[in-house]
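# Report on the structure
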Amino acid sequence: MSDKDNHKDLRRLRELLAEISDLNAAAALMHWDQQTYMPEGGVGLRSEQLATVSRLAHERLVSPELGELLEQLDGTFDPSSEEAALVRVARRDHERAAKLPSRLVAETARAASEAEPVWVSARADSDWEAFAPHLERLLELRREAAEHLGYEEHPYDALLDLYEPGARKSRLEGLFDELKADILPLLHRIAPDGVAEDRSAPLVGDYDERVQEEFGRAVLTDLGYDWSRGRQDRVVHAFCIDLGGPQDVRITTRFDPRRVDTALFTSMHEAGHAMYEQGVSPDYARSPLAGGVSMGVHESQSRLWENLVGRSRAFWEHYYPKLQEAFPDSPLGKTDLETFYRAVNEVRPSTIRIDADELTYNLHVLLRFELEVAMIEGRLAVSEIPEAWEAKMEEYLGVRPKDVGEGPLQDIHWADGLFGYFPSYTVGNVLSAQFFEAAVGARPEIPDEIREGRFGALQGWLTENVYRHGRRYEPEELVERATGRPLEAAPYLRYLREKFGALYAG
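What comes next concerns the included structure. Computed from a predicted structure; not experimentally measured. (Residues numbered from 1 in each chain as written. Predicted model: local features only at pLDDT ≥ 70, side-chain atom pairs only at ≥ 80, totals over all residues. Heavy atoms only, no water.)

## Section: the overall build of the protein
The secondary structure content of the protein amounts to 20 helices and three strands. Relative to a compact globule of 506 residues, whose C-alpha radius of gyration would be 23 Å, the protein shows 23 Å and is just as compact. Its C-alpha atoms put the protein at 70 × 55 × 45 Å along the principal axes. Carbon and sulfur atoms provide 49% of the accessible area of the protein, an area that totals close to 20,500 Å². (Helix = DSSP H or I, 4+ residues; strand = E, 2+ residues; numbered from the N terminus. Rg over C-alpha atoms; globule rule 2.2 N^0.38 Å. Areas by Shrake-Rupley, 256 points an atom, 1.4 Å probe, with all protein chains shown as cover.)

What follows is the structure in C-alpha cells.
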C-alpha cells in the first residue's frame, strides 16, 4: 500500500473514530444530566435514549468498514508512533466490541439507566428487595458479556479487562494477600476489635455548604483544575466525567453541612481524575487515545491528590489557617494544626467505603471483590448478599452496617453494571504512592512547594509522565516509563507504615 493510500485510510479511520467518540460523549452527557438535573419523570425516556445512543456507537465500532481500515493499517507505521498506537488501541476496542451483540449493549445500557433511580430510592429506604431484581438482571447481562468477551482462566477476568487491561483475578488475589499481611496487623494494633480513638471532633459542627464550596473551589484552582474546561455540581455519589476530550471534563461533589472535610476531599478526589483528563494531549480528542489508560491509573491520580497531597501535613501547613479563617466560629478556632492533621488522618473502621480512612480503604475493596467473584461464579445469590456483606464486614473491619443502605446499597457501581471495577481502587491506591515517590525523586522541591500552596512541579511531572500520554501506552508500559519499575506494593505499604506508625506511635 502506498503512503498516499495510508494517509487516506488513516484520515477515514480518524473520521469514523471521531463519530464514535461523539456518540459516547452524548451518552456521557446524558448520564451526567441524569445524575444532576434531569427531572425524576424523565427516567423512562432517558433509558431508551441511552440504549439507542449506546447501540449506535457500538454498531459503528464493530462496522466492517472500520475493521477493514484497521486491518489495512495494522503494521504500516513505526511501532513507537502515535499513529501505530491509535491503530492498536482502536483495533483492541473494535475486536472487543465485535464480541458483544448490539442487543446486549443496548439492553445493558437500558437496564443500568432503569436501575440507577431505583438504587437511589432503595438506598434511602434501605430496601434491598426493591433493588434486587435490577441487580439480578444486570448480573445476568454481565455474565453473558463475560462469555462473549472470552477468558483464559476465569470469567471475572473478562470483566476486569474492561477496566484494567491485562488484569487477572489470580494476580489481584496475590496483591490483596500482600496488602492484608501488612495492613491487618497495623490496623489491629491501632483499632483492637474495630474500635479506635475518636479524633474527629474538630471536623464536626455547623459548616455552611456555600463557604465549603468557595474554599474547595479555591483549593482546586491552586491544584490546577481548569474551570474554563470544567464545572462542579452536586450529587449523591460523586463522579468525574469527560465529554470526548480534555476540553470538557466535569466533576461533582457530595456535601455534608455537619463535616468540614467531606466535600473538600471529595472534590480533590474528583479533581484528580479531572486533571488527568484535562492533561491528555488535545491532539487525542475525539479518538480512542483520549482518556486514562486504565481505571487503576486513573484512580491513582484521584488518590494521589486526595491523600498523598490533601491529607499531608505539608498541605495543611499552608491551608489550615485559611480554613480557620473561612469558619471563624467553628471548632477549628480552638484546634491547633497537629490536632486537625490527626483528625483528617484518623483510623476509624467504618461501614462506608467513601468515608474510609487510608488504612482500611482497601479492605472495603477486598470485600466487594470477593462478593463479585462469588456472584459471577454463581456461588452467591443476590438475595444472600446482605448477609454475606455483614459477615465480611465483621471479619475484615470489625464493624457491622446498621442496614442495607449502609451496606451493599451504599455504592452506585452495581446499579451501573460495573462488575470488575472495584479492584481498580486498590490498584490506584498502590500506584498513587509509586507515582508520588517517583515524582519527588525527580523533583525534590515538591514537598516544599506543597507547603507553600504551589503544585507546579508535581503537576508538571504528572503531566509529562502520565497525563499527556492518554491511552498511547499500555498500563504496564506507562507505569514502568514513569517510575522505572512495574506495579509494586512496596512504596504504598512503606507510606502507610511510616505515616500511621508515626500518627499512632505508642
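Still more ground to cover, so stick around.
## Some details on the packing of helix α11 (residues 295-309) against helix α18 (residues 456-465)
Between two packed helices, the angle of one axis relative to the other and the distance separating the axes together describe the packing. Where α11 contacts α18, the two axes come as close as 13 Å, and the packing angle between them is 160°. In terms of orientation, α11 lies roughly antiparallel with respect to α18. When the axes of α11 and α18 are compared, the crossing they make is right-handed. Along the contact surface, α11 presents Gln301, Leu304, Trp305 and Val309, while α18 presents Leu458, Gln459 and Leu462. (Axes fitted to C-alpha atoms, helices over the stretch in contact; angles between N-to-C directions. Parallel < 35°, antiparallel > 145°, perpendicular 65-115°, else oblique. Left-handed = near helix turned anticlockwise from the far one by under 90°. Contact = heavy atoms within 4.5 Å.)

## Details of the pattern of salt bridges
If you walk through the whole model with that rule in mind, you get 53 salt bridges. Between Arg400 and Glu390 there is a salt bridge, with its nearest N and O atoms 2.8 Å apart. With Arg400 in the loop between α15 (385-397) and α16 (423-442) and Glu390 in helix α15, this pair connects stretches of sequence that are 10 residues apart. Each of Arg103, Glu107, Arg137, Glu140 and Glu144 takes part in salt bridges that share partners, so that together they form one network. (Salt bridge = Lys/Arg side-chain N within 4 Å of Asp/Glu carboxyl O.)

## Notes on the sheet that holds strand β2 (residues 240-242)
Read from one edge of the open sheet, three strands run β1-β3-β2, paired in mixed fashion. Looking at strand neighbours, the two that pair on one side only are β1 (232-234) and β2, the edges of this open sheet. Averaged over neighbouring strand pairs, the angle between their axes works out to 25° when direction is ignored. Across three bridges, the pairing between β1 and strand β3 (residues 249-253) is parallel. Each residue of the ladder has a partner; that of Gln232, found in β3, is Ile251. Each of β1 and β3 touches helix α9 (residues 209-223); the most contacted strand, β1, lies at about 150° to it. Across the face of the sheet, helix α10 (residues 262-279) comes into contact with β1, β2 and β3 while running at roughly 170° to β3. (Pairing = 2+ DSSP bridges.)

## Focus on the packing of aromatic side chains
The geometry of an aromatic ring pair comes down to the distance between the two centres and the angle between the two planes. Tallied over the full model, the rule gives 21 aromatic pairs. Ring centres 5.7 Å apart and planes at 70° place the aromatic pair Trp32 and Tyr37 in the edge-to-face group. When the centroid spacing of 5.4 Å and the interplanar angle of 25° are considered together, the rings of Tyr276 and Tyr467 count as stacked. Here Tyr276, found in helix α10, pairs with Tyr467, found in the loop between α18 and α19 (475-483); they are 191 residues apart in sequence, far enough to count as distant. Residue classification places Tyr276 among the buried residues on the basis of a relative accessible area of 0%. The structure contains a cluster of three or more aromatic residues connected by ring pairs, namely Tyr163, Tyr361, Trp389, Trp414, Phe419, Tyr421, Phe422 and Tyr425. Sitting over the face of the ring of Tyr361, Arg303 holds its NZ or CZ atom 3.9 Å from the ring centroid. The aromatic ring of Phe265 is capped on one face by Arg311, whose charged end is 3.8 Å from the ring centroid. (Phe/Tyr/Trp six-rings, centres within 6.5 Å; stacked < 30°, edge-to-face > 60°. Buried < 20%, exposed > 50% of the residue type's maximum accessible area, 1.4 Å probe, protein only. Lys NZ or Arg CZ within 6 Å of the ring centre and 35° of its normal.)

## Structural notes on the environment of Tyr361
Relative to the helices and strands, Tyr361 is located in helix α14 (residues 361-377). Sequence separation between Tyr361 and Ser350 is 11 residues, and the spatial gap between their C-alpha atoms is 9.1 Å. Ignoring anything within four residues of it in the chain, the contact list for Tyr361 reads Arg303, Arg353, Ala356, Tyr425 and Asn429. Engagement of the side chain of Tyr361 in a polar contact is seen with the side chain of Arg353, the distance being 2.5 Å. (Polar contact = N/O pair within 3.5 Å; in protein donor to acceptor, adjacent residues only side chain to side chain.)

## Some words on the side chain of Thr108
Tracing the chain through its elements places Thr108 in helix α5 (residues 102-125). Among the residues examined, Thr108 registers a relative accessible area of 12% and is labelled buried. When near neighbours in sequence (up to four residues on either side) are disregarded, Thr108 contacts Leu138, Leu141 and Arg142.

## Some thoughts on α15
With 13 residues, α15 extends 17 Å from end C-alpha to end C-alpha; this agrees with the ideal 18 Å at 1.5 Å per step. Packed against the buried residues of α15 are α6 (128-149), α8 (169-190) and α14. Following α15 by one or two positions, Gly398 has its phi on the positive side, about 70°. (Expected span 1.5 Å × (residues − 1).)

## Considerations on the nonpolar core
One finds Trp305 and Trp316 to be the most contacted residues of the largest nonpolar core, which totals 130 residues. Top contributing element to this core by residue count: α14, with 11 residues. In this view, Trp316 contacts Leu264, Phe265, Gly310, Arg311, Pro321, Leu323, Leu337, Phe340 and Val344; residues no more than four positions away in its chain are not counted. Leu10, Leu13, Ala85 and Leu86 belong to the second largest nonpolar core, which has 22 residues in total. (Core = buried A, V, L, I, M, F, W, Y, C linked by side-chain atoms within 4.5 Å.)

## As for the packing of α14 against α15
The interhelical angle for the contact between α14 and α15, taken along N-to-C directions, is 145°, at an axis separation of 10 Å. The two elements α14 and α15 meet at a crossing, and its hand is right-handed. Each of Leu363, His364, Leu366, Leu367, Arg368, Glu370, Leu371 and Met375 in α14 lies in contact with α15, whose residues at this interface are Ile385, Ala388, Trp389, Lys392, Met393, Tyr396 and Leu397. A breakdown of the residues in the contact of α14 with α15 according to their chemical character gives 11 nonpolar, one polar and three charged. (Nonpolar A, V, L, I, M, F, W, Y, C, P; charged D, E, K, R; others polar.)

## Re the pairing of β3
Among the five residues of β3, five are classified as buried, and the element is accordingly described as predominantly covered. A two-sided burial pattern is seen for β3, the buried positions comprising Val249, Ile251 and Thr253 on one face and Arg250 and Thr252 on the other. Where β2 lies against β3, three bridges are found, and the strand directions are antiparallel. Note that in β3 the partner of Asp242 across the bridge is Val249.

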